[in-house]
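# Geometric and topological summary
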Amino acid sequence: MVHSAEVGVAGPNFQRFPTMEEAVSAVVGQGSVNGHQSHSNTLTSNGSFVIAHLSNEQSDTSQCRPRHRFYVDSHLLGSGGDGTERDPWPDVPTAAKHILSMAGDGTLNLRPNEQIVIESRKMFTATRLERKKMRKQSIAKGVFFCMTLSLVIPVFAILGYLFVQAWPALSWDFVTLNPKRMGTEGGIWAPLVGTFFLVLMSLLMAAPVGVMAGVYLNEYAKDNWFNRIINLAVVNLAGVPSIVHALFGLGAFVLAAGMGKSLLAASLTLSVMTLPVIITSTREALAAVPKSFREACWNMGATKWQTIRTIVLPNSISGILTGVILQVARAAGETAPIIFTGAAIFLPVKDNGVGYWLPYTLKSEVMALSMHLYTLREQINNAPLAMQYGTAVVLIGLVLSVNSVSIALRVYLRSRKKW
Amino acid sequence: MASSNVADAGPNRKGSAFQSFRQIVDSVVDACEPIVEWMIRLSGWSAIVFVLAIFAFVFAQAFFVFEQDSMIPSLWMKLDFVEFFTSVKWRPTSVVREQYGIVALLAGTGAVTLTSMVIAVPLGLGAAVYVSEFCHGKTKETLKIIIELLAAIPSVVWGFIGVAVLGPLIIDITGSPIGVNVLNASLILALMSVPVIVSVGEDSLKAVPDSYREAAEALGATKWEVVYRVLFPAAKNGLLAAVLLGVGRAIGETMAVLMASGHKAQIPGGLLDPARTLTATIAAEMGEAPRGGDHYRVLFLIGIVLFVLTFLVNLIADVVVKGIKGKQNG
C-alpha cells in the first residue's frame, strides 16, 4: 500500500495524490479530480497513464522505472484479461478495478522511483516477443555482416599495402628490362614473356579439349554410370593438388615423353591442371541454353552436330569465353606445377632483337613471373624488397585484370540474355 | 513497297557469292560430323584418362625401377612402409641413416588445415548466408565479385604476403621469435579457401526452394529464424560439401604453405610453432633429390598419399552434393 508517498498521474495533467487509491480513481475519473474525466476514460491508440511513486522534490516521472506494465485494448469486448500485452483489459475502469484490488492485497507494492504504466495495446505494431525476435535478427545480421567484412577488408588492405610497398620499384623500365644478376637488378621482362608463353601454350592445348569435353558432357552424355564416372573425374581433376600435377608432369612429360624440363612440358602440365575449369564453365554455359532452342532446330531436320554448331555454341559463346579467361588467370598464377617441369630460377636472355621478344623455344626452360617472385623471396638473399613487392603487384595486376575481363563479360552477358 | 523490295534485294544479291561459299563450308563442316563427334567423345573421356594417368605416372615413378637394359620394370620395395607411416623422423639427407617417416608431415598438414578451417568455416558460411539471404541487387553482386577476386590471387602471392606482411605482424603482436608458423600459414590458407566455401555455400543456400522461406515467413519467422531453423537444415549437405571442398583446397595448397609455414619437419606443439606439410615437402625437396633414388621415390609416394587424400575428400563432397540433388528431384 502506498500511503505516505505521493502518487501522480504523469503527462500534461500531472498531479499529486496522497494515496494510490486516489491516484487510480483519478485515472478512471471517479475521484475528486473531475477535470480529467473526459480524457481519462478512453486511452488513445498510443496514449498511456502513469502512476508513479514520487518524493516531494521530484516534479516529474522521468526518473522512474516502470515496475508494472498493463495493457488496455478498447477494441476487445467482455471483461476478461489479466492486463498483459497478450490478454489486455477492455477499458480503463476495468484496469483500475484490477489495479486497486492488486494494490489491496499487496501484490502491487511501489517502491520510490517506480511506476505503473497503463498503455493501450497498439494495433499492428510489434509485440514484445516480436521486438525481441527482431533484435535477435539484427544482431545476427550484424554478425554475418562483420564476417563478410572480415573477408572483404583484407583484400583491399593487402592490395593497398602491396601497391604502396611496390611503388618505388614500379616504372616502365621495371616491366621492360630483363632481370640481371639473378634478378636483383633490372626488371621482369623475361619472366613476364615466359608467363605469357606458358599461358598461351597451355590455352592452345586446354581450350579445344576442354570445350569439346564440355560439349560432350552436356550434349552427348546420357545419364549412365560411365558418364557419372566422367563427371566424378572432372571434379577430382579439379581437386588434385597442384603439386601432384607437378609430379605427373615430371613423370609423364619431362621423363616418359622425353621432353625434358621445357616450356612444352610445363605448359602441358598447366593445361591438364586447368582443364576442369574450362570443362565446368563450358558445361554450365551450354546448360543455360534452353532445351526448346535445340528441339526447334532438330524439328527442322538438323543433325545433332548442326544444332550444336549453329544454335548451341553461338548462344553460349560468351559463357565459354568466361571459362577460358578464368583458365588463363589460373595458369598465369600457378607456380607449383611448373617448378619441376620447366620453370627456371634464372636464365640469361638477350636484351635486344628477336631474342628480346622471343627468348624461349619449346625445348628450352622458361622464367615465369610466379616462379620469379618465389625465387626473389626464397632463393635469393639480397633481392631488393621493392622489387619483390613490384613483382607481386605486377603478377596480381595481371591476374586480376584478366579476371575482371571475365567478370565484365559475365555481367554483360547477363544483361543481354534473351531468354 | 517497290522501294523496299529493291532495298531487300541489294544485300541479298551482294551476299549470294558469300552465301554460296558459306554453303560449301557448311556442307564440308557437316560432312565432318562423324570425325567431330568422335573428337568430342574422346575429349569427354579425357578427364578420366588424365585422372588415371596422373595416378599411373606418379605410381610408376614411385614404385617402378626402369633398368638401363631391360624394358620390364622391377618393383622398388626398399622402403620400410611401417616406418613411412609411423615414424616422426623425416631425415632424407641424413649421412648416418636416412629416415622417411611422414607422421610429422601429416601432423603439419593436419594442424595447418584444421586451424585454417576453424577460421575459414564460420567466416565462409557466415559470408555465404549474408550474401545469399541478407543482401540484394548491386551489393550482392559487388560482394560476390570481391570474394571472387580473393580466389584469383595466385598462391605464390599469398605465400609472399604471409612471409613479407603477416610474418612481421605476428612477431610484433605475439612476441614469437619467428613469424612463419602454423598461425601464419593457417591465416593465409583460410583466406585462400574461403572463396570456395562462400561460393559453394551460397549455391547450396540458393538451391533451397523459395517456398520453404515463404512458408517459414508466413508462420511469423524472422529472417534469422528462417536461416537458422529452415535453411541450415535444408542446405545441410551443400554446406558440408562447401566445407569439404575448403578442406580439399587447404590440404592441396602448396606454394603459400611452403613459404608461410616455417618448413620445419616436426609435430607442431602450438600455433606459433613452425610446421611442414606434405605438399611443401615435395615442392622443396624434389629439385635436390637424385632422380631414381630413395628420396625421389618417397617424394612421389607422398604425392600418392596426397592424391588419395584429396580424392577421398572430393569424392565425399561429391557424394554429399549428389545426395541433396537426388533428394530434391525425388
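## Examining the overall build of chain B
Assigned secondary structure in chain B consists of 13 helices and four strands. Split into buried and exposed, the 330 residues of chain B put 44% on the buried side. At a minimum sequence separation of 6, the contacts of chain B that also span at least 24 residues come to 70%.

## Some words on unusual backbone geometry
We note that H263 of chain B has phi near 55°; this positive angle belongs to a residue other than glycine. Here H263 of chain B falls in the buried class, since 20 other C-beta atoms lie within 10 Å of it.

## Points about the nonpolar core
L198, V366 and A392 of chain A together with V157, I188 and I197 of chain B are the most contacted members of the largest nonpolar core, which has 190 residues in total. Counting 24 residues, the second largest nonpolar core, distinct from the first, contains F49, L54, W89 and A96 of chain A.

## Brief notes about the interface of chain B and chain A
At the junction of the two partners, chain B supplies 72 residues and chain A supplies 72 residues. No other element matches the 20 residues that helix 2 (residues 33–63) of chain B contributes to the side of chain B that touches chain A. When grouped by side-chain class, the residues that make up the side of chain B that touches chain A number 50 nonpolar, 15 polar and seven charged.

## Examining helix 7 (residues 182–206) of chain B
Its 25 residues place the ends of helix 7 of chain B 35 Å apart at the C-alpha level, agreeing with the 36 Å of an ideal helix rising 1.5 Å per residue. Along helix 7 of chain B, the sharpest change in direction is near 35° and occurs at S193 of chain B; proline P195 of chain B comes one to four residues later.

## Some points on the environment of C146 of chain A
Mapped onto the elements, C146 of chain A comes out in helix 4 (residues 128–166). Remark: the alpha-carbon pair of C146 of chain A and W225 of chain A, spanning 79 residues in sequence, is separated by 44 Å.

## Some words on helix 9 (residues 223–234) of chain B
Residues of helix 9 of chain B that are buried include every one of K223, W224, V226, V227, L231 and A234 of chain B, and no others. Projected onto a plane normal to the axis of helix 9 of chain B, the buried residues spread over an arc of 140° and lie on a single side. Looking at the buried residues of helix 9 of chain B, the elements they touch are helix 4 of chain A together with helix 4 (103–134), helix 7 and helix 8 (210–218) of chain B.

## So, the confidence of the model for chain B
The predicted model of chain B averages 85 in pLDDT, with 89% of residues at 70 or higher. Per-residue pLDDT stays below 50 along residues 1–11 of chain B; that stretch engages in zero contacts with residues further than four places along the chain or on separate chains.

## Quick look at the pairing of strand 5 (residues 114–120) of chain A
Direction of pairing for strand 3 (residues 48–54) of chain A relative to strand 5 of chain A: antiparallel, over a ladder of five bridges. Within strand 5 of chain A, the position partnered with A52 of chain A by the bridge is Q115 of chain A.

## Here's the deal with the confidence of the model for chain A
Scored by pLDDT, chain A comes out at a mean of 82, with 87% of its residues at no less than 70. Note that pLDDT drops below 50 for residues 30–41 of chain A; the model gives that stretch 16 contacts with residues more than four away or on any other chain.

## A word on the packing of helix 6 (residues 155–174) of chain B against helix 7 of chain B
All names here are of chain B. Two elements in contact, helix 6 and helix 7, have axes separated by 9 Å at closest approach and are oriented at 135°. Judged on the interaxial angle alone, helix 7 and helix 6 are oblique. In terms of crossing hand, the pair formed by helix 6 and helix 7 is right-handed. Contact residues: helix 6 offers S155, W158, I161, G162, L166, G167 and I170, while helix 7 offers L183, N184, A185, L187, I188 and M192. The residue inventory of the contact of helix 6 with helix 7, partitioned by class, reads nine nonpolar, four polar and no charged.

## Focus: the packing of helix 7 (residues 225–239) of chain A against helix 2 of chain B
Across the interface, helix 7 of chain A lies against helix 2 of chain B with an axial gap of 8 Å and an inter-helix angle of 55°. Classified by the interaxial angle, the pair formed by helix 7 of chain A and helix 2 of chain B is oblique. The handedness of the crossing between helix 7 of chain A and helix 2 of chain B is left-handed. Residues I229, I230, A233, V234, N236 and L237 of chain A of helix 7 of chain A touch helix 2 of chain B, and the partners they reach there are G44, W45, A47, I48, F50 and V51 of chain B. The residue inventory of the contact of helix 7 of chain A with helix 2 of chain B, partitioned by class, reads 10 nonpolar, two polar and no charged.

What counts, and where the lines are drawn
- Residues numbered from 1 in each chain as written.
- Chains lettered and ligands numbered in written order.
- Predicted model: local features only at pLDDT ≥ 70, side-chain atom pairs only at ≥ 80, totals over all residues.
- Helix = DSSP H or I, 4+ residues; strand = E, 2+ residues; numbered from the N terminus.
- Buried ≥ 20, exposed ≤ 12 C-beta atoms within 10 Å, placed from the backbone.
- Contact = placed C-beta atoms within 7 Å.
- Core = buried A, V, L, I, M, F, W, Y, C linked by C-beta atoms within 7 Å.
- Nonpolar A, V, L, I, M, F, W, Y, C, P; charged D, E, K, R; others polar.
- Expected span 1.5 Å × (residues − 1).
- Bend = angle between axes of the 7 residues up to and from the residue.
- Arc of directions from axis to C-beta.
- pLDDT = per-residue confidence, 0-100.
- Pairing = 2+ DSSP bridges.
- Axes fitted to C-alpha atoms, helices over the stretch in contact; angles between N-to-C directions.
- Parallel < 35°, antiparallel > 145°, perpendicular 65-115°, else oblique.
- Left-handed = near helix turned anticlockwise from the far one by under 90°.

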